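# Chain and residue survey
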Amino acid sequence: MKAHVKKTTPHRTARCDEAPPDALLHGIEEFNRQEFFEQHETLEGIWIHEPDAVRYLYQGILQIGVGFYHWRRGNWKGAVAKLGHGLAKLEPYRPACMTIDVERLVRETTALRAELEARGPDQLPDFPPPRLPSVHRFIEPA
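These lines cover the structure that appears in this document, whether it is placed above or below. (Residues numbered from 1 in each chain as written. Predicted model: local features only at pLDDT ≥ 70, side-chain atom pairs only at ≥ 80, totals over all residues. Heavy atoms only, no water.)

## Things to note about the overall build of the chain
Across its full length, the chain carries 5 helices and 2 strands. When its helices and strands are written in sequence order, the chain yields α-α-α-α-β-β-α. The C-alpha radius of gyration of the chain comes to 15 Å, within 12% of the 14 Å expected for a compact globule of 142 residues. On the principal axes, the C-alpha backbone points of the chain span a range of 45 × 40 × 25 Å. Looking at the 142 residues of the chain, the share that counts as buried comes to 44%. For the chain, long-range pairs separated by at least 24 residues make up 69% of all intrachain contacts whose partners lie at least 6 apart in sequence. For the chain, the exposed surface amounts to about 7700 Å²; the carbon and sulfur share of it is 52%. The centroid of the 19 positive side-chain charges in the chain is displaced by 5 Å from the centroid of its 20 negative side-chain charges. (Helix = DSSP H or I, 4+ residues; strand = E, 2+ residues; numbered from the N terminus. Rg over C-alpha atoms; globule rule 2.2 N^0.38 Å. Buried < 20%, exposed > 50% of the residue type's maximum accessible area, 1.4 Å probe, protein only. Contact = heavy atoms within 4.5 Å. Areas by Shrake-Rupley, 256 points an atom, 1.4 Å probe, with all protein chains shown as cover. Lys, Arg positive; Asp, Glu negative; His and termini not counted. Charge placed at Lys NZ, Arg CZ, Asp CG, Glu CD.)

Next comes the structure, spelled out in structure tokens:
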């Protein structure tokens, strides 16, 4: 059963200064291993229950992963759409939120999405592309 969370719009919150929850880190590991279906399940599990607007950080990463999943399956339209949805969700969390380098993920994903749009559905590049983004973190020294 899904939690009933009041809809808001993506916006930066004080939660960005917090450490990422373990489930987010797990979803990021799956994303970085190109396990896009699995990362969707992991991040959806925390996104739907998060009452704070930081939920859109989770959803943005999730949607970018789903965009790459569509690309891998040859679905140009789904890839372009989901990458765009994810980028829009991540915008307020630039340059960083919960130690995640949102700026880098947005910049690298934007470049790939632009390439997909320019090529069109009949020239979908092979997956993975040479510059497939990963989710990077800023780790404070111990």
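## As for the environment of Q39
Looking at where Q39 falls in the secondary structure, it is placed in helix α2 (residues 36-47). When the C-alpha positions of Q39 and V80 are compared, they lie 19 Å apart, and in sequence the two are 41 residues distant. Leaving out residues up to four positions away in the same chain, Q39 has contacts with G27, E30, F31, I61, L62, G65 and V66. Side-chain polar atoms of Q39 contact the backbone oxygen of L62, separated by 3.1 Å. (Polar contact = N/O pair within 3.5 Å; in protein donor to acceptor, adjacent residues only side chain to side chain.)

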